[in-house]
There are 2 protein chains.
Amino acid sequence: MCPHALIPYKPVNPKSRLSPILTKEEREQLAREMLSDVIAAVKDANCSPVIIATELFDSEDIQITVPDKDLSGTLNEVLSESPGQTLIIMADLPLATGPAIKRVITTKSDMSIVPGRGGGTNVIFLKDPSKYHVDYYGTSFLKHMKIAEEAGLSCEVIDSFLLHTDIDEADDLVELLTHGTGKSREYLVGLGFVLSAENGRVRVERKAVPAGKETPAPTP
Amino acid sequence: MCPHALIPYKPVNPKSRLSPILTKEEREQLAREMLSDVIAAVKDANCSPVIIATELFDSEDIQITVPDKDLSGTLNEVLSESPGQTLIIMADLPLATGPAIKRVITTKSDMSIVPGRGGGTNVIFLKDPSKYHVDYYGTSFLKHMKIAEEAGLSCEVIDSFLLHTDIDEADDLVELLTHGTGKSREYLVGLGFVLSAENGRVRVERKAVPAGKETPAPTP
């Protein structure tokens, strides 16, 4: 059976920590491209994407629209009704690949987890979702490990930087430009972003895009 | 045969980007503890550590002392004389584990590589070091992939966040406190560092250490 892959997604005004370098419209388009990359990886791993979005948006994939309340509460409601193996994967993981997700869903443990950068949680896989609940606020990785322990579930930590790398701020775009192969990298390049090495440290820099080569404005 | 593991190490005034939160002595001690963690992981993967240090320092392991010139030049000299399979692993990877390093050295390709955060290179494994040279400045990961291609060597990128996470600045200590299990984490905890979550973002914070529980000053 294909596990369902729940993908929380915020279409409107996402990724506010990228505001210093991207307009609201650009952040929304980047979020959309990252979601596409995640969906492609999820499908490549034979999972069925279910987008948990705070607004209805144009998509061919199954979506559940929920009020913009707390993420954990929403996911826990969905998990409690989930009939079988379930993956929860964040939408801001544009380096995700099918093989990396396969490592997650083929765990021999009761569940597996991939930490995000900064104490967070990027991916959770549950063989029996009814036995678990999530809590994404703050140091969620440590919380999720503790919830597993309290529930008596064995939990494998999957050692993947492709799934560990979430895109929140300007420095994270270095990772996307360096390792990305999908639509989000292409979108960034179209906006004029390039890698720039100064004093041995690598940053992103935005160059002017030649006329006629601009990235098209997002379609409404 | 056990591959040699070359570990570049700077004992004096290392990790200057940690200066805002650690004294020079503390940075030197943290660097030493991280080196210990890397050596333990390397040995657990059945590799023989060879420390390439800029100063002679007290150690039971084999060390080569080199002038503080450019890292790439030094390593390329060593590689040109290296008789067999060789690993190059940075000393600031305190999350390194034996199983993660085993994934690197059991590649089916001619070589394997683990990118560092920010475009760098944390680990390189070479089956035939005479066919390769390194260049660690700037966007070294992309350079190293290109050097492999030009040399006609197949190269596997190993997807490991434990080996991807290098410790350069304060935010990186969040990773060490969250995922570390070795001496460097213990040293940080002894200095009073704890995780602190504010507005959902996780940082490190340094608390006063109760009298009598201070981390001992580094031995000269």
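Reading guide: rules and limits
Numbers given for residues are sequential positions, taken from 1 along each chain in its written order. Ligands are numbered from 1 and chains lettered from A, in the order in which they are written. Two thresholds apply to this predicted model, a pLDDT of at least 70 for residue-level local features and 80 or more for giving and counting side-chain atom pairs, whereas whole-chain, interface and lining totals are computed over all residues. Values reported for side chains reflect all heavy atoms of the structure, with hydrogen atoms and water molecules removed beforehand. Each helix is a run of DSSP H or I of at least 4 residues and each strand a run of E of at least 2, with the numbering of both proceeding from the N terminus. For the radius of gyration, the atoms used are the C-alpha atoms, and the globule rule reads 2.2 Å times the number of residues raised to 0.38. Pairs of residues are marked as contacts when any of their non-hydrogen atoms sit within 4.5 Å. Note on areas: Shrake-Rupley with a 1.4 Å probe; residue coverage comes only from the protein chains shown. Two aromatic rings, drawn from Phe, Tyr or Trp (for Trp, its six-membered ring), form a pair once their centres lie within 6.5 Å of each other, and the interplanar angle then sorts them: stacked below 30 degrees, edge-to-face above 60, tilted otherwise. Burial here depends on accessible area, computed with a 1.4 Å probe over protein chains only, as a share of the maximum for the residue type. Under 20% is buried, over 50% is exposed, and the range in between is partly exposed. Confidence of the predictor at the level of single residues is given by pLDDT, which spans 0 to 100. We place the copies in one frame by least squares, fitting the C-alpha atoms of every residue whose pLDDT is at least 70 in both. Here, strands pair whenever DSSP counts at least two bridges between them. Angular values range over 0 to 180 degrees, each being the angle between N-to-C directions of two axes fitted as lines to C-alpha atoms, with helices fitted over their stretch in contact. Buried area adds together the accessible area that both of two parts lose upon being put together, with accessible area traced by a 1.4 Å probe. The working definition used for a salt bridge is a side-chain nitrogen of Lys or Arg within 4 Å of a carboxyl oxygen of Asp or Glu. N or O atoms within 3.5 Å of each other form a polar contact, as long as, within protein, one can give a hydrogen and the other can take it, and as long as residues adjacent in sequence are counted only when both atoms are side-chain atoms. By definition, the arc is the one covered by directions from the helix axis to the C-beta atoms. Note on angle classes: values under 35 degrees are labelled roughly parallel, values over 145 roughly antiparallel, values of 65 to 115 roughly perpendicular, and the remainder oblique. What makes a crossing left-handed is the near helix being turned counterclockwise from the far one by less than a right angle; a clockwise turn instead makes it right-handed. In the scheme used here, Gly and all other residues not listed as nonpolar or charged are polar, with Ala, Val, Leu, Ile, Met, Phe, Trp, Tyr, Cys and Pro taken as nonpolar and Asp, Glu, Lys and Arg as charged.

### Re the overall build of chain A
Item 1. Assigned secondary structure in chain A consists of seven helices and nine strands.
Item 2. Here the C-alpha atoms of chain A give a radius of gyration of 18 Å, agreeing with the 17 Å that 2.2 N^0.38 yields for 220 residues.
Item 3. At a minimum sequence separation of 6, the contacts of chain A that also span at least 24 residues come to 60%.
Item 4. When the accessible area of chain A is evaluated, it comes to approximately 10000 Å², of which 51% is carbon and sulfur surface.

### Structural notes on the packing of aromatic side chains
Residue and element names in this part refer to chain B.
Item 1. Counted by the stated rule, this structure contains two aromatic pairs over all chains.
Item 2. Look at Tyr 9 and Phe 57: their rings are 4.9 Å apart centre to centre, the planes differ by 65°, and that puts the pair in the edge-to-face class. In this pair, Tyr 9 sits in strand β1 (residues 4-9) while Phe 57 sits in the loop between β2 (48-53) and β3 (62-65), placing the two residues 48 residues apart along the sequence. When sorted by exposure, Tyr 9 lands in the same class as Phe 57, which is buried.

### Quick look at unusual backbone geometry
All names here are of chain B.
Item 1. Phi angles above zero are rare outside glycine, and Asn 13 is one such case at about 55°.
Item 2. Classification of Asn 13 by relative accessible area gives partly exposed; the value is 34%.
Item 3. Even without being a glycine, Lys 15 presents a positive backbone phi close to 55°.
Item 4. Tracing the backbone shows Lys 15 in the loop between β1 and α1 (24-44).

### Comments concerning the confidence of the model for chain A
Item 1. For chain A, the average pLDDT comes to 92, and 95% of its residues sit at 70 or higher.
Item 2. For this predicted complex, the interface score ipTM comes out at 0.92, while the overall pTM is 0.93.

### Looking at the relation of the copies chain B and chain A
Item 1. With an RMSD of 0.0 Å, the operation that places chain B on chain A is a rotation of 180° combined with a shift of 0.0 Å along the axis. Classification of the inter-copy transformation places it as that of a two-fold axis.
Item 2. Comparing interface residues between copies, 100% of those in chain B also lie at the interface in chain A; the contact surface is shared.

### What to know about the sheet that holds strand β4 (residues 86-89) of chain A
All names here are of chain A.
Item 1. Spatially, β3-β2-β1-β4-β6-β5-β7 is the arrangement adopted by the seven strands of the open sheet, whose pairing is mixed. Two strands lie at the open edges of the sheet, namely β3 (62-65) and β7 (155-157), each paired on one side alone. The mean angle between the axes of side-by-side strands here comes to 20°, regardless of whether they run parallel or antiparallel.
Item 2. Judged from the four bridges that link them, strand β2 (residues 48-53) and β3 form a sheet pairing that is parallel. Each residue of the ladder has a partner; that of Ile 51, found in β3, is Gln 63.
Item 3. Sheet strands touched by helix α2 (residues 71-81): β1 (4-9), β2, β4 and β6 (121-126). Its angle to β1, the strand with the most contacts, is close to 160°.

### Things to note about the interface of chain B and chain A
Item 1. In this complex, chain B contributes 33 residues to the contact, which on the side of chain A involves 33 residues.
Item 2. Each partner contributes to the roughly 2700 Å² buried at the junction of chain B and chain A, and carbon and sulfur atoms together form 56% of this total.
Item 3. Summed over the three residues of chain B that lose the most area to chain A, namely B:Arg117, B:Asp159 and B:Phe161, the buried surface amounts to 25% of that side.
Item 4. At the boundary of chain B with chain A, the tally comes to six salt bridges.
Item 5. Salt-bridge contacts for B:Arg117 lead to A:Asp172; the nearest nitrogen and oxygen are separated by 2.6 Å.
Item 6. Our count for the contact surface shared by chain B and chain A stands at 14 residue pairs in polar contact (both at pLDDT 80 or more).
Item 7. At the level of elements, α3 (98-105), α4 (140-150), α5 (161-164), α6 (172-179), β8 (193-198) and β9 (201-206) of chain B are the ones that each hand at least two residues to the side of chain B that touches chain A.

### What about the environment of B:Gln85?
Item 1. Among the secondary structure elements, B:Gln85 is positioned in the loop between α2 (71-81) and β4 (86-89).
Item 2. Between the C-alpha atom of B:Gln85 and that of B:Pro129, which follows or precedes it by 44 residues, the distance is 6.8 Å.

### A closer look at the pattern of salt bridges
All names here are of chain B.
Item 1. The final tally for this structure, using the stated rule, is 26 salt bridges over all chains.
Item 2. In this structure, the salt-bridge partner of Glu 169 is Arg 17, at a minimum N-O distance of 2.7 Å. Taken as a pair, Glu 169 in the loop between α5 and α6 and Arg 17 in the loop between β1 and α1 lie far apart in primary sequence, 152 residues in all.
Item 3. The class for Arg 17 is partly exposed, based on a relative accessible area of 33%.
Item 4. Between Lys 143 and Asp 135 there is a salt bridge whose closest N-O contact spans 3.5 Å.
Item 5. Residue Asp 135 is classed as partly exposed on the basis of its relative accessible area, which comes to 27%.

### A few points about α4(B)
Residue and element names in this part refer to chain B.
Item 1. Of the positions making up α4, those classed as buried are Ser 140, Phe 141, His 144, Ile 147 and Ala 148. The arc that holds every buried residue of α4, seen down its axis, measures 125°, which confines them to one face. Of the exposed residues in α4, those oriented more than 90 degrees away from the buried face are Lys 146, Glu 149 and Glu 150.
Item 2. Positive backbone phi, at 70°, marks Gly 152, one or two positions downstream of α4.

### Focus on the environment of A:Ile88
Item 1. Looking at where A:Ile88 falls in the secondary structure, it is placed in strand β4.
Item 2. Those residues in contact with A:Ile88, other than ones at most four positions away along the chain, are A:Leu6, A:Pro8, A:Leu75, A:Leu79, A:Asn122, A:Val123, A:Ile124, A:Val134 and A:Tyr136.

### Digging into the pairing of strand β5 (residues 111-115) of chain A
All names here are of chain A.
Item 1. The element β5 is largely enclosed, with a buried count of five among its five residues.
Item 2. On β5, burial covers both faces: Met 111, Ile 113 and Pro 115 on one face and Ser 112 and Val 114 on the other are all buried.
Item 3. Pairing analysis gives five bridges linking β5 to β6, with the strands arranged antiparallel. Across the sheet, residue Pro 115 finds its bridge partner in β6, namely Thr 121.

### Looking at the packing of α1(B) against α3(B)
Residue and element names in this part refer to chain B.
Item 1. Following both chains from N to C, one finds α1 and α3 inclined at 60°, their axes separated by 8 Å at the closest point. Relative to α3, the element α1 lies oblique. For the element pair α1 and α3, the recorded crossing hand is right-handed. The segment α1 lies against α3, with Ala 41, Val 42 and Asp 44 engaging Gly 98, Pro 99, Ile 101 and Lys 102.
Item 2. Of the residues that constitute the contact of α1 with α3, the class distribution is four nonpolar, one polar and two charged.

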